[in-house]
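Structural overview
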Amino acid sequence: MKKTLSEAIPGEDLNVITGNLPSGGEEDKDRFKQGILKLLNERYGMVEEDFVSAELELVPAGEVRNVGFDRNVVAASGQPELPPVK
């Protein structure tokens, strides 16, 4: 409990979500990864091996918007404060 937030959650340990529509059955542990790879292959002809030497950088900035290759994830730097429930 003595770590600062930047020490507790280092950026290098975060995972990036590029989509959340699954492909395959419930038992398939890589069903979300396969869904994105299928979409990237259909649109751009990319396969998983193309990412071995890829340099990717992501910066959380800008307005709230739908993101991901399947446009099914909301990107925002923080959650807006909701009005109190009456």
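Residues numbered from 1 in each chain as written. Predicted model: local features only at pLDDT ≥ 70, side-chain atom pairs only at ≥ 80, totals over all residues. Heavy atoms only, no water.

Time to look at the side chain of Arg-31. With respect to the helices, strands and loops of the structure, Arg-31 is situated in helix H2 (residues 31-44). We classify Arg-31 as buried; its relative accessible area is 18%. Dropping the residues within four chain positions of it, Arg-31 is found in contact with Pro-22, Ser-23, Gly-25 and Glu-26. (Helix = DSSP H or I, 4+ residues; strand = E, 2+ residues; numbered from the N terminus. Buried < 20%, exposed > 50% of the residue type's maximum accessible area, 1.4 Å probe, protein only. Contact = heavy atoms within 4.5 Å.)

On to the confidence of the model for the chain. Residues of the chain with pLDDT of at least 70 account for 79%, and the chain-wide mean is 77. The element-level mean pLDDT for the chain is lowest in helix H1 (residues 5-8), coming to 72, with H2 highest at 89. (pLDDT = per-residue confidence, 0-100.)

Turning our attention to H2. With 14 residues, H2 should reach 20 Å at 1.5 Å per residue; the first-to-last C-alpha distance of 20 Å fits that figure. Here H2 has its buried residues at Arg-31, Gly-35, Ile-36, Leu-37, Leu-39 and Leu-40. Of the residues trailing H2, Gly-45 is marked for its positive phi of about 70 degrees. (Expected span 1.5 Å × (residues − 1).)

With that out of the way, let us pick up a nonpolar patch on the surface. On the surface, a cluster of nonpolar side chains totalling about 330 Å² of accessible area is made up of Leu-5, Ile-9 and Leu-14. Structurally, Leu-14 is set in the loop between H1 and H2. Taking relative accessible area as the criterion, Leu-14 reaches 52% and is therefore assigned exposed. (Patch = residues over 30% accessible without salt bridge, like charges linked within 9 Å, V, L, I, M, F, W, Y side chains within 5 Å. Areas by Shrake-Rupley, 256 points an atom, 1.4 Å probe, with all protein chains shown as cover. Salt bridge = Lys/Arg side-chain N within 4 Å of Asp/Glu carboxyl O.)

Our next topic: the pattern of salt bridges. Within this structure, the stated rule accounts for 1 salt bridge. Between Glu-48 and Lys-33 there is a salt bridge whose closest N-O contact spans 2.8 Å. Note that Glu-48 is positioned in the loop between H2 and strand S1 (65-67) and Lys-33 in helix H2, a separation of 15 residues in sequence.

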